[in-house]
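Fold and contact review
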Amino acid sequence: MSGLVVAVVLFAALLHASWNAIVKAGKDTFLTTVLVSAGAALISLAVLPFVNTPAPASWPYLAASSVAQLAYYSLLAAAYKAGDMSHAYPLMRGSAPLLVALASWPLIGERLSSMQMGAVACISAGIFALYFAARTPAMPGIAQSAGRATAFALGNACVIASYTLIDGIGVRLSGAPAAYTMWIFVLNGAGLLLWTLLRRRAGLFAYAQTQWQLAAFGGFGTLASYGLALWAMTQAPVAAVAALRETSILFAIAIAALFLREKISSRRYLAIALIAAGAILMRIA
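Criteria and thresholds
- Going along each chain's sequence as written, the residues are numbered from 1 onward.
- Given that this is a predicted model, residues contribute local features only at a pLDDT of at least 70 and side-chain atom pairs are listed and counted only at 80 or more, while totals for whole chains, interfaces and linings are drawn from all residues.
- Only heavy atoms go into the side-chain values, all of them from the structure, while hydrogens and water stay out.
- Classification of residues uses two cut-offs on accessible area relative to the type maximum, computed with a 1.4 Å probe and protein chains only: under 20% is buried, over 50% is exposed, and between them is partly exposed.
- Per the convention used, a helix needs a DSSP run of H or I reaching at least four residues, while a strand needs a run of E reaching at least two, with both numbered from the N terminus.
- Of all possible arcs, the one meant is that of the directions from the helix axis to the C-beta atoms.
- To form a nonpolar core, buried Ala, Val, Leu, Ile, Met, Phe, Trp, Tyr and Cys residues must be joined to one another through side-chain atoms within 4.5 Å.
- Any pair of residues with heavy atoms lying within 4.5 Å of one another is described as a contacting pair.
- In the analysis that follows, any N or O atom pair within 3.5 Å is treated as a polar contact, provided that within protein one partner can donate a hydrogen and the other can accept it, and provided that, for residues neighboring in sequence, both atoms belong to side chains.

Below, the discussion takes up helix H9 (residues 248-258). Taken together, the buried positions of H9 are occupied by Ser-248, Ile-249, Ala-252, Ile-253, Ile-255 and Ala-256. Taken end-on, H9 shows its buried residues confined to a sector of 160°, consistent with a single buried face.

Here we come to the environment of Gly-155. Among the structural elements, Gly-155 can be located in helix H6 (residues 142-174). Classification of Gly-155 by relative accessible area gives partly exposed; the value is 27%. Along the chain, Gly-155 and Tyr-72 lie 83 residues apart, while their C-alpha atoms are 9.0 Å from each other.

Residues Met-1, Tyr-72, Tyr-80 and Met-282 are the most contacted members of the largest nonpolar core, which totals 74 residues. Ranked by residues supplied to this core, first place goes to helix H7 (residues 177-233) with 13 residues. Leave out the neighbours within four places in its chain, and Tyr-72 touches His-16, Trp-19, Asn-20, Arg-93, Asn-156, Val-159, Ile-160 and Tyr-163.

Take Ser-225: it is sitting in helix H7. A polar side-chain atom of Ser-225 sits 3.4 Å from a polar atom in the side chain of Arg-245.

Set out below in structure tokens:
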């Protein structure tokens with residue numbers, strides 16, 4: 001994997017952690033998710049006239065990805081509502097690259113080298129180690145909530161792996177990575193917005209009046225993050241990009257320490273070292 005691709009994926013990881021922090025910090029995680037998705041859709045609509053149309057061969061993948069990402073946003077909001085970001089985020093992002101690595105060979109014929117598989121395992125192990133380092137003794141009412149967050153997060157990991165593989169194929173067939181990305185966000189943004197208007201119209205309008213900035217910042221973050229990752233998938237194996245992208249947890253930890261003033265334990269630092277080692281392995285593989 002070239003240095004440019006690694007740099008692009010790492011920047012995408014930073015953007016991903018940032019917009020997830022916006023969702024978690026929102027007063028209503030689901031409505032914040034809707035605003036972020038709608039913001040990405042609006043930005044995409046403004047840019048679409050200036051980019052090429054994706055090749056027809058990629059349209060079925062666009063449709064399938066849009067449905068999968070509707071499920072992703074719903075499960076993301078549910079996981080963050082039920083538990084902490086430090087609990088749900090590592091489970092979602094740590095499980096997905098393992099699933100992608102296991103499925104990419106039989107489904108799309110991409111076989112990782114032994115060093116790349118070691119990098120995937122190292123990054124995933126570090127992410128799971130961060131999860132266990134964040135665990136605290138159960139208290140009344142906490143264990144049940146953590147169980148729900150875990151279920152939502154693991155379910156979402158399966159969704160993430162699914163749309164990663166779908167888009168890894170679709171973006172290559174499209175011949176236009178930027179347009180393919182924008183159409184994904186237009187389709188899933190429209191679907192999520194329509195569903196919310198039917199169920200929570202008044203609540204959405206009231207929330208948007210005071211929290212509209214989330215649509216701008218979060219929408220740009222999620223659009224740019226995934227667009228850069230999809231471009232990288234046209235330059236390197238899907239599983240390798242998926243694994244390296246999950247270093248977003250490092251940026252999430254940095255955001256928590258620098259802006260939220262959370263204390264970082266020695267166990268967390270050890271986990272971060274594992275992820276960094278995996279990123280270095282992916283770079284030289």
